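As a plain string of letters, each chain reads:
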Amino acid sequence: MSYDENHRDNWHHEPRPRRLRRGPVIVVTAAALTVGGLGGWLAWQADGSGGRAPVGSATTAAKPGSSPTPTPSPTLAPPTPSPAPAKSPTKATGPLAGRVVVVDPGHNPGNFSHTREINRQVDIGTKRKECDTTGTATDAGYREAEFTLDVSRRLRTLLEEQGAQVEFTHDADRPFGPCIDERARFGNEAKADAVVSVHADGSAVGNRGFHVILPDRVKAGAADTSKIVGPSRELGERIAGKFLRATGSSPSNYVGGGTGLDVRGDLGGLNLSTVPKVFIECGNMRDPEDVALLTDPSWRQKAAQGLADGISSYLTR
Ligand code: ZN
């Protein structure tokens, strides 16, 4: 099985030859991850938007009403409760009113049964690549595509509470995909102020922690990231800082040298974006300790909170 638009590691634990080109903006070693040892991460926490959860062992209850177990089945999916009349952009209030955020839940639960379709090659500028991949899963069968939808839905709620207009590239409302080029176009056509693609990694046991993937400078074919490299880094750094704070999770111990940041030029979803965009790998679905977090609805709520805080921080900077 190929799991890879989004994961260089997966089961095929390839070496990662490339390091961040810029010196790490922040250097946080896993061993130094105490509240007092966060160093540069604190820079993002002083921006006035206020991370809420303290780093550490605090347990934050899942938000009531958040579904801990997303279901891809339309027949089982409850209708979205809508106590208020249909949303109108003109009615939105809050610090993110008027801002458009596109959330891209990585993969699709239906991809597993549409391998032919998702293996179709698409052009990502630098090369051709599979339309989409299945994503990874835990040993117990909790799929990355279910995880990404759950976190994305929680994130949508949090951003909408701040007045943002949130659009999904898909909401398990299609049999498979979309393809990675279509996912990128979605954000472009929405003229999104920020786009985040939500994932969990499939790396080796012992590899733990989160990392945010920033677009590399790429100019080839339809890909030209020159205008988004800077703002995407700003977005990604803020998300990394807030994610750390909200979840208490450590930055990846296998990617990014402890910074929680990686830069890649091989992802169609980034290469083809013309608006600020990052991916996040929230943890490693192949590592038992990370799995304990990723499968916990209250942790997923914290993950969504960290993402929302990072996006909000970026949009109100
Ligand atoms: Zn993924």
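Residues numbered from 1 in each chain as written. Predicted model: local features only at pLDDT ≥ 70, side-chain atom pairs only at ≥ 80, totals over all residues. Heavy atoms only, no water.

### Brief notes about the overall build of the protein chain
- Counting its secondary structure elements, the protein chain contains eight helices and ten strands.
- Sequence-distant contacts, at least 24 apart, represent 82% of the contacts inside the protein chain between residues at least 6 apart.
- Carbon together with sulfur atoms contributes 55% to the accessible area of the protein chain, which is approximately 13,300 Å² in total. (Helix = DSSP H or I, 4+ residues; strand = E, 2+ residues; numbered from the N terminus. Contact = heavy atoms within 4.5 Å. Areas by Shrake-Rupley, 256 points an atom, 1.4 Å probe, with all protein chains shown as cover.)

### Brief notes about the nonpolar core
- Formed by 39 residues in total, the largest nonpolar core has its most connected members in Phe 147, Leu 155, Leu 159, Val 196, Ile 239, Leu 307 and Ile 311.
- Broken down by element, this core gets its largest block of residues, eight residues, from helix 8 (residues 297–315).
- The residues contacting Leu 159, other than those within four sequence positions of it, are Leu 96, Val 101, Ala 164, Val 166, Ala 308 and Ile 311. (Core = buried A, V, L, I, M, F, W, Y, C linked by side-chain atoms within 4.5 Å. Buried < 20%, exposed > 50% of the residue type's maximum accessible area, 1.4 Å probe, protein only.)

### Concerning the state of the cysteines
- Evaluation of the coordinates by the stated rule reveals one disulfide.
- Each sulfur of the disulfide joining Cys 131 and Cys 179 lies 2.2 Å from the other. Between Cys 131 and Cys 179 the disulfide shows an S-S torsion of about -90 degrees. By sign, it is left-handed. You can see Cys 131 sitting in the loop between strand 3 (128–130) and helix 3 (144–161) and its partner Cys 179 sitting in the loop between strand 4 (165–168) and helix 4 (180–189), a full 48 residues away along the chain. (Disulfide = S-S within 2.5 Å.)

### Details of the sheet that holds strand 10 (residues 277–284)
- Here six strands make up an open sheet; going across it, the order is 4-1-5-10-6-9 and the pairing mixed. Of all strands in the sheet, those bounded by a partner on one side alone are strand 4 and strand 9 (261–264). Taking each pair of neighbouring strands and ignoring which way they run, the sheet shows an average axis angle of 25 degrees.
- Across four bridges, strand 6 (residues 211–215) lies against strand 9 in parallel orientation. Note that in strand 9 the partner of Ile 213 across the bridge is Asp 262.
- Strands in contact with helix 8 are strand 1 (100–105), strand 5 (194–201) and strand 10; relative to strand 5, the strand with the most contacts, it is inclined by about 150 degrees. (Pairing = 2+ DSSP bridges. Axes fitted to C-alpha atoms, helices over the stretch in contact; angles between N-to-C directions.)

### A short note on the packing of helix 3 against helix 8
- Orientation of helix 3 relative to helix 8, taken along the N-to-C sense of each, is 50 degrees, at an axis distance of 8 Å. What the angle tells us is that helix 3 and helix 8 run oblique. In the packing of helix 3 onto helix 8, the handedness of the crossing is right-handed. Every residue of helix 8 that contacts helix 3 at Phe 147, Asp 150, Val 151, Arg 154, Leu 155, Leu 158 and Leu 159 is listed here: Pro 297, Trp 299, Arg 300, Gln 301, Ala 304, Gln 305, Leu 307, Ala 308 and Ile 311.
- Taken together, the residues that form the contact of helix 3 with helix 8 break down as eleven nonpolar, two polar and three charged. (Parallel < 35°, antiparallel > 145°, perpendicular 65-115°, else oblique. Left-handed = near helix turned anticlockwise from the far one by under 90°. Nonpolar A, V, L, I, M, F, W, Y, C, P; charged D, E, K, R; others polar.)

### Topic: helix 8
- Taking 1.5 Å of rise per residue, the 19 residues of helix 8 would be expected to cover 27 Å, and the 27 Å separating its terminal C-alpha atoms lies within 8% of that figure.
- Between the side-chain oxygen at the start of helix 8 and the backbone nitrogen of Ser 298 there is a gap of 2.9 Å, and the oxygen is on Asp 296. (Expected span 1.5 Å × (residues − 1). Polar contact = N/O pair within 3.5 Å; in protein donor to acceptor, adjacent residues only side chain to side chain.)

### Quick look at the packing of helix 5 (residues 229–247) against helix 8
- Running from N to C, helix 5 and helix 8 point in directions that differ by 145 degrees, and their axes come no closer than 7 Å. Considering how the two elements wind past one another, helix 5 and helix 8 form a crossing that is right-handed. Residues Pro 231, Glu 234, Leu 235, Arg 238, Ile 239, Lys 242, Phe 243, Ala 246 and Thr 247 of helix 5 pack against Trp 299, Lys 302, Ala 303, Gln 305, Gly 306, Leu 307, Asp 309, Gly 310, Ile 311, Ser 313 and Tyr 314 of helix 8.

### Considerations on the packing of aromatic side chains
- Taken as a whole and judged by the stated rule, the model has two aromatic pairs.
- On the numbers, 6.0 Å between centres and 80 degrees between planes, the contact of Phe 243 with Trp 299 is edge-to-face. Here Trp 299 lies in helix 8 and Phe 243 lies in helix 5, a separation of 56 residues in the sequence. Comparing Phe 243 with Trp 299, the two get one shared label, buried.
- Each residue in the set Phe 210, Phe 243 and Trp 299 is aromatic and connected to the rest through ring pairs, giving one cluster. (Phe/Tyr/Trp six-rings, centres within 6.5 Å; stacked < 30°, edge-to-face > 60°.)

Structural measurements only, silent on function.
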